[in-house]
Amino acid sequence: MPSKWYKNFIDNAKLFGKKVHVLETNVLEERKRIKEIYERNLILEKEISEKTEELNRANKSILTLKHIWSSMNSSEPLSEVLSTVAKGLSEELGYLQCMVFQIFEFESGNRLKIRAINENRFSERVAEILSSSIFSYDIPMSAKKNPVVDAVLTNKTLEIKKFSNLFIGSTPHIESEKTKEIDDILGNKAICILPIRVQENPFGCLVAISSRNEIVPTEKNFLGLFAGQIELAVTIANLFEQIKKQALTDGLTGLYNRRHFDQCLTTEVERSIRLNQPFTLITLDLDHLKKINDNYGHSTGDEAIKKIGEVLKKNARSVDIPARFGGEEFAVILPGIDIEGGIIAAERLKTSIEESSVKGIETITASIGVATFLRHTESLSELLELADQAMYRA
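Note that this is a predicted model, so its numbers are computed, not measured. (Residues numbered from 1 in each chain as written. Predicted model: local features only at pLDDT ≥ 70, side-chain atom pairs only at ≥ 80, totals over all residues. Heavy atoms only, no water.)

### Regarding the sheet that holds strand β9 (residues 329–335)
Read across the open sheet, the four strands follow the order β8-β9-β7-β10; overall the sheet is antiparallel. Of all the strands in the sheet, just β8 (321–326) and β10 (366–373) have a single pairing partner and so form its edges. On average, each strand axis in the sheet is tilted by 20° relative to the strand beside it, whichever way the strands run. Alignment of β8 against β9, held across five bridges, turns out to be antiparallel. By the bridge assignment, Gly326 is partnered in β9 with Glu329. (Pairing = 2+ DSSP bridges. Helix = DSSP H or I, 4+ residues; strand = E, 2+ residues; numbered from the N terminus. Axes fitted to C-alpha atoms, helices over the stretch in contact; angles between N-to-C directions.)

### Things to note about the pattern of salt bridges
By the definition in use, this model includes 19 salt bridges. Close ionic contact of Glu175 with Lys178 constitutes a salt bridge, the shortest N to O distance being 3.7 Å. For Glu175, a relative accessible area of 33% puts it in the partly exposed group. Assessed through its relative accessible area of 21%, Lys178 is described here as partly exposed. One salt bridge in this structure joins Asp294 and Lys290, with 2.9 Å as the shortest N-O distance. Residue Asp294 and its partner Lys290 are both found in helix α8 (residues 289–296); the two are separated by four residues, about one turn of the helix. For the pair Asp294 and Lys290, a shared accessibility class is recorded, and that class is exposed. Counted as one network, the salt bridges with shared partners bring together Arg121, Glu124, Arg125, Glu128 and Glu181. (Salt bridge = Lys/Arg side-chain N within 4 Å of Asp/Glu carboxyl O. Buried < 20%, exposed > 50% of the residue type's maximum accessible area, 1.4 Å probe, protein only.)

### Side note on unusual backbone geometry
With omega at -5°, the peptide bond leading from Thr171 into Pro172 counts as cis. Relative to the elements of secondary structure, Pro172 occurs in the loop between β4 (158–160) and α5 (176–186). Even without a glycine there, the phi angle at Gln199 is positive, about 55°. Even without a glycine there, the phi angle at Leu374 is positive, about 80°. Mapping Leu374 onto the fold places it in the loop between β10 and α11 (380–393). Assessed through its relative accessible area of 26%, Leu374 is described here as partly exposed.

### Observations concerning the side chain of Arg271
Tracing the chain through its elements places Arg271 in helix α7 (residues 258–275). Here the side chain of Arg271 touches Glu268 through a polar contact of 2.4 Å, side chain to side chain. Discounting residues that sit within four places of it in the chain, Arg271 has contacts with Gln277, Pro335 and Gly336. (Polar contact = N/O pair within 3.5 Å; in protein donor to acceptor, adjacent residues only side chain to side chain. Contact = heavy atoms within 4.5 Å.)

### Description of the nonpolar core
Residues Met99, Phe101, Leu112, Phe163, Leu166 and Phe167 are the most contacted members of the largest nonpolar core, which totals 31 residues. Put simply, the parts of the chain that give this core at least two residues each are β1 (97–106), β2 (109–117), α3 (121–130), α4 (147–154), α5, β5 (191–198) and β6 (201–209). Not counting chain neighbours up to four residues away, the residues in contact with Phe163 comprise Met99, Phe122, Val126, Ile134, Ile182, Asp183, Leu186, Ile191 and Ile209. Membership of the second largest hydrophobic core comes to 27 residues, among which are Ala86, Ala116, Ala208 and Ala237. (Core = buried A, V, L, I, M, F, W, Y, C linked by side-chain atoms within 4.5 Å.)

### A look at the side chain of Thr283
Mapping Thr283 onto the fold places it in strand β7 (residues 279–286). Ignoring sequence-local partners within four residues, the contact set of Thr283 consists of Phe330, Ala331, Ser367, Ile368, Gly369, Ala387, Asp388 and Met391.

### Quick look at α8
Since one α-helical turn is 3.6 residues long, residues separated by three or four positions face the same way. Inspection of α8 places Leu289, Ile292 and Asn293 among the buried residues, and these make up the whole buried set. All buried residues of α8 project into a common sector of 95° when viewed along the axis, lining one side. Across α8 from its buried face, at more than 90 degrees, point the exposed residues Lys290, Lys291, Asp294 and Asn295. Buried residues along α8 sit against β7 and α9 (298–315). Where α8 ends, the next residue or the one after it, Gly297, has phi of about 100°, a positive value. (Arc of directions from axis to C-beta.)

If you want it as structure tokens, here you go:
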């Protein structure tokens, strides 16, 4: 009997052991499954967080682009549109600093200058370190080691780490201790340089300093959208300037047209009265235009008219307003010039015209009249009449 009991005990113990083993196996498998689910959830949470952040950045980018489009559609100056881009990238998308460089032509060669930058604590600190405005620095396009120049010339997006590299070869030169201080402020933050081309011609570049240590591909794509908007803004601004110029200037000579001249003349009269300062009006007629057209053809007559325009532009000061009334009639407003100075200017114009050459014609001449506001009259209509009378007597 005891042996049977013992045998049953052993059998039950073995059976219990098997059940415990099965239970342990199930528990381990369940723990493994729960761990896998937990790890997958962590991965999903990270992906959701990344996608949410990416979506938020995309929404902010769309809002910023909307602001840029609004700026472009409101015919704001290009500088305002560029400032909107720089400000939007910084304030709405969290970039530490954004700058737009543009190529400018100088006698010594093409140079890159900052056209727009967002103002914040970082830009203020940079100005403090440099002891001058960052707008005072420019970079020659010959500075091939400069990454900004490299990006513009190669039309490739570049990523760098040091702020000081943006101003390699700059004028004036930035001392190494100052650039090191700026680099120390930024640490290892990523800087993205995106070239900007307008109608296949290099314009400059967009520089964005990230608040992170690297710029991911999707971020570069977003920045590319903003660079593209700058290209579009420049194109629109250029077209606007062309239309504006066409509305103000004479197509044949490039001088101001009669409509713009009349507006300027009215403004100058008001200024002259307000400041009690004279100005002189010169009127000019190309002599014998009908004879030139009849004998040499209208194309030669046009060349003679263009030559008068060249002479007027060449001899004009920056404040003078030369214009073509139409046909062979021209005029020049000389702000701040009295009758004596006006006569000297008129004689200089007359000599320059007579010394000019037009193909097929030996010489061209012009009749010139001079009248001075506040000296001869205080009436605008009478001023025009006096100048014309003097011209006809010439």
